[in-house]
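The primary structure of each chain is shown beneath.
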Amino acid sequence: MWDDAFPSFLIGLREGLEAGLIVSILVATLVRAEARSRLPQVWTGVLAAVAVAMSFGAVLTFTAASMPQTAQEAFGGILSVIAVAFVTAMVFWMRRSARSLSGELKEKVTGALAMGSGVLILTSFLAVGREGLETALFLWTTAQAAGESAGPLTGAGIGLVLAAGLCWGLYRRVLKINLTKFFTATGAVLIVIAAGVLGYGLRDLQEGGVLPGKTAYAVDLASSVDAGSWYSTLVQGVFNLTPTMTWLQVVAYVAYLAVVMTLFVRGVRATAPKPAAERPAGEPKAGRPERRRPVWVVPAVVVAVPAVIAGLVVTFSRPKPAGDQTVAVSQTECGKGFTAPKPGRQTFQMHNTGGKTSEVYLIDPSTSAVYGEIEGLAPGTTRDLVATVAGGTYAWRCVPTGGKAVTSASVTVTGGGAAKPVVPVSEQDLAAPLTVYKTYVGQGLAILVGQTRTLADDIKGNHLDKARTDWLTAHLTYSSLGAAYGTFEDFDKKINGRADGLSDGVQDKDFSGFHRIEYGLWHGQSAKDLTGPAQQLATDAAGLQKAFPSQDFDPGDLPLRAHEILENTLQFELTGDTDEGSGTNLATAGANLDGTRELLTVLKPLLTSRAPKVLPTVDADIARVQKLLDAAHDGDRWTAVDKLTASDRQRLNGATGQLLEDLAPIPDLLEIRKSA
């Protein structure tokens with residue numbers, strides 16, 4: 001359960017810190033200014049935000065909503081920018097209050113709190129609301145991915161409690177600060193927080209497609225900063241500064257901070273005018289007596305309204321199952337209750353009435369092409385299957401675990417529209433590509449064995465300059481065998497393992513293989529120091545060559561590796577994370593690109609018949625990345641990643657990111673689906 005809880009713990013801590021910091025400063029301000037009567041307005045806004053977040057979570061849960069990722073990002077970004085506007089207004093209100101302070105502050109400060117109750121409620125609502133909505137979305141998607149909710153909810157609860165404790169500590173501390181200094185200090189803190197929220201919101205708008213430049217990175221410290229570490233989480237939670245930021249984020253952050261902080265500081269330094277005569281704090285206005293509503297009315301309303309709206313959304317906006325039908329899934333009742341739906345996007349409720357977990361597919365019975373699927377539908381459970389239906393013939397195929405596939409009676413749908421199914425792939429379909437690829441790997445390993453022996457001989461003979469050249473040749477050969485890494489078992493760690501995670505780093509006795517030798521060759525180690533590691537590398541390469549023919553190579557790995565090879569390249573090679581001194585990470589990236597090309601070549605027949613537009617698009621992306629890599633190569637010399645200009649690095653990362661995006665559909669297109 002901890003695996004599912006930990007990501008939610010981090011998001012609970014992060015979002016809780018963001019919301020709690022602003023709320024704690026608001027509360028401390030009112031308490032220190034002896035305006036405790038205004039606290040219910042802050043807590044009403046917080047309560048409203050919690051109610052909205054919980055209602056939103058209920059809508060997601062009970063309607064099984066599938067808001068597109070881009071819509072989620074755009075929504076969060078817009079709310080972030082709105083929140084920045086209100087926080088900025090609060091900052092300058094605090095500045096004006098600080099300027100009006102005098103020796104009679106304690107009697108006058110309540111009058112200086114000129115903010116209307118609605119603004120206080122709205123400020124606290126937005127401070128908590130954005131984080132609450134993000135947390136609700138995150139928890140819902142995490143629970144969906146994990147298949148259970150206990151772990152994510154537990155982790156988020158712990159994170160929120162810890163965030164609340166940290167914010168309570170901040171609250172207790174600021175109450176001891178001199179009030180005039182407090183207004184100034186908290187104003188400066190809020191400006192920094194707001195700058196981070198603005199950058200975060202703009203990033204959301206970029207991810208949502210509202211603003212351009214989502215791959216134009218100005219800061220990329222992913223290779224040197226662990227985004228999941230406790231200190232990184234705290235920095236992100238408090239300041240919204242992430243290891244990777246786009247130019248738009250950085251420019252907006254710096255510009256906002258420079259302009260708003262400058263105006264704020266000038267205002268603080270300005271000579272404070274004498275405050276106008278004011279009525280004593282707490283003195284009611286003359287005229288008609290104030291009508292007071294019961295204290296429970298507003299809190300009750302802010303909880304009831306989101307709950308009622310959520311109920312209406314669940315009732316009227318939930319996608320209706322096609323024809324209000326629930327479709328049975330089992331060996332004996334597969335497809336029971338299925339009638340011809342109307343064309344368009346439809347939601348079917350699939351209920352497993354059998355005693356075994358089943359896979360279920362909506363198919364074209366004439367070709368077995370798949371329109372929609374659910375994996376692992378447990379006995380007695382019901383899940384929604386969403387699919388686009390057009391004119392044609394449809395049936396259900398139920399495949400119980402360990403049982404025989406059953407296909408329902410077919411129905412015919414009349415009408416227009418277009419629905420493109422995925423032609424299923426079997427292990428037999430991948431058998432021929434797998435055989436071709438295994439031959440390619442076998443030939444590559446034979447070459448690798450000879451190259452590592454040459455490298456070992458170079459080092460043994462103290463020919464270290466030649467060894468550096470031969471090291472790169474051998475390493476590129478190994479790197480071009482990307483799709484087989486998962487098959488190599490423990491050999492990959494021995495041959496191409498990294499020092500990360502080892503207790504003594506590059507000095508650890510278990511640090512071996514190419515990167516161990518790279519470190520030694522480019523850090524002045526002697527031939528005597530490197531002879532043992534080089535001979536061990538040659539031995540391990542020969543051992544891998546001998547073991548490979550009998551190693552289990554899952555055919556399903558082929559389509560998966562089409563995306564994963566370059567995903568690892570972007571994470572490790574293009575960040576410089578695997579550079580132990582040679583500065584040849586871009587050469588390795590090129591070898592990984594060669595390995596991807598080879599893999600796509602063997603998969604071409606299957607891809608062309610299923611998605612003919614994918615390969616031409618991917619080929620153009622590969623050519624673009626290759627051209628950028630070639631520009632960093634001059635004869636035998638390669639430009640190290642950290643020596644690239646900022647613009648060249650951005651172009652390379654952007655082109656690789658686009659290639660990854662276009663490769664992403666391949667695993668789904670060529671996923672092995674059960675048919676018997």
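Every value quoted in this text rests on a predicted model; they were computed, and no experiment measured them. (Residues numbered from 1 in each chain as written. Predicted model: local features only at pLDDT ≥ 70, side-chain atom pairs only at ≥ 80, totals over all residues. Heavy atoms only, no water.)

A. Spotlight on the confidence of the model for the protein chain. In the predicted model, the protein chain carries a mean pLDDT of 77, and the fraction of residues at 70 or more is 69%. Summarising per-element confidence for the protein chain, the mean pLDDT is lowest in helix α4 (residues 105-112) (38) and highest in helix α14 (residues 514-521) (96). Across residues 64-69, where pLDDT falls below 50, the model places seven contacts with residues more than four positions away in sequence or in other chains. (pLDDT = per-residue confidence, 0-100. Helix = DSSP H or I, 4+ residues; strand = E, 2+ residues; numbered from the N terminus. Contact = heavy atoms within 4.5 Å.)

B. Looking closely at the pairing of strand β6 (residues 369-377). Sheet analysis places strand β5 (residues 358-364) next to β6, joined by six bridges and oriented antiparallel. Bridge assignment links Leu-362 to a residue of β6, and that residue is Gly-372. Taking the residues between adjacent antiparallel strands as the criterion, β5 and β6 are bridged by four residues, where Ser-368 takes a positive phi near 65°. (Pairing = 2+ DSSP bridges.)

C. Main features of the environment of Pro-549. Here Pro-549 shows up in the loop between α15 (527-547) and α16 (557-571). Residues Pro-549 and Thr-439, spaced 110 residues apart in sequence, show a C-alpha to C-alpha distance of 9.5 Å.

D. Focus on helix α18 (residues 614-630). Its 17 residues give α18 an end-to-end C-alpha distance of 24 Å, which sits within 8% of 24 Å, the value for a rise of 1.5 Å per residue. Every buried residue of α18 is listed here: Val-614, Leu-615, Val-618, Asp-621, Ile-622, Val-625, Gln-626 and Leu-629. The arc enclosing the buried residues of α18, seen along the axis, measures out at 140°, which places them on a common side. Set apart from the buried face of α18 by more than 90 degrees, the exposed residues are Pro-616 and Lys-627. At its buried positions, α18 is contacted by α17 (585-610), β11 (633-634), β12 (637-638), α19 (646-663) and α20 (666-669). (Expected span 1.5 Å × (residues − 1). Buried < 20%, exposed > 50% of the residue type's maximum accessible area, 1.4 Å probe, protein only. Arc of directions from axis to C-beta.)

E. Structural detail: the side chain of His-475. Inspection of the secondary structure assignment puts His-475 in helix α12 (residues 464-479). Given the relative accessible area of 2%, His-475 is considered buried. Sequence-distant contacts of His-475, defined by excluding residues within four places in its chain, comprise Asn-496, Phe-514, His-515 and Thr-588.

F. The nonpolar core, seen in detail. Ranked by internal contacts, the top residues of the largest apolar core, which has 66 residues, are Ile-459 and Leu-600. Counting residues per element, this core draws most heavily on helix α11 (residues 427-460), which supplies eleven residues. Not counting chain neighbours up to four residues away, the residues in contact with Ile-459 comprise Leu-464, Ala-467, Ile-517, Ala-527, Leu-530, Thr-531 and Ala-534. Counting residues in hydrophobic clusters, the runner-up holds 20 residues, among them Met-350, Tyr-371, Leu-377 and Tyr-394. (Core = buried A, V, L, I, M, F, W, Y, C linked by side-chain atoms within 4.5 Å.)

G. How the structure looks around unusual backbone geometry. Of note in this structure, Ser-368 is not a glycine but carries a positive phi near 65°. The backbone of Asn-462 shows a phi angle near 65°, a positive value even though the residue is not glycine. Note on placement: Asn-462 falls in the loop between α11 and α12. Taking relative accessible area as the criterion, Asn-462 reaches 52% and is therefore assigned exposed.

H. View of the state of the cysteines. Per the counting criterion, the structure on display carries one disulfide. Put simply, Cys-334 and Cys-398 are joined by a disulfide, and their sulfur atoms are 2.1 Å apart. Across the S-S bond of Cys-334 and Cys-398 the torsion is about 85°, and the bridge reads as right-handed. Here Cys-398 lies in strand β8 (residues 392-400) and Cys-334 lies in the loop between β3 (321-329) and β4 (344-352), a separation of 64 residues in the sequence. (Disulfide = S-S within 2.5 Å.)

I. Focus on the packing of α14 against α15. Running from N to C, α14 and α15 point in directions that differ by 155°, and their axes come no closer than 9 Å. If you check the angle between α14 and α15, you find them roughly antiparallel. By crossing handedness, the relation of α14 to α15 is classed as left-handed. Residue-level contacts link Phe-514, Arg-516, Ile-517, Gly-520 and Leu-521 of α14 to Asp-529, Leu-530, Pro-533, Ala-534 and Leu-537 of α15. Broken down by class, the residue content of the contact of α14 with α15 amounts to seven nonpolar, one polar and two charged. (Axes fitted to C-alpha atoms, helices over the stretch in contact; angles between N-to-C directions. Parallel < 35°, antiparallel > 145°, perpendicular 65-115°, else oblique. Left-handed = near helix turned anticlockwise from the far one by under 90°. Nonpolar A, V, L, I, M, F, W, Y, C, P; charged D, E, K, R; others polar.)

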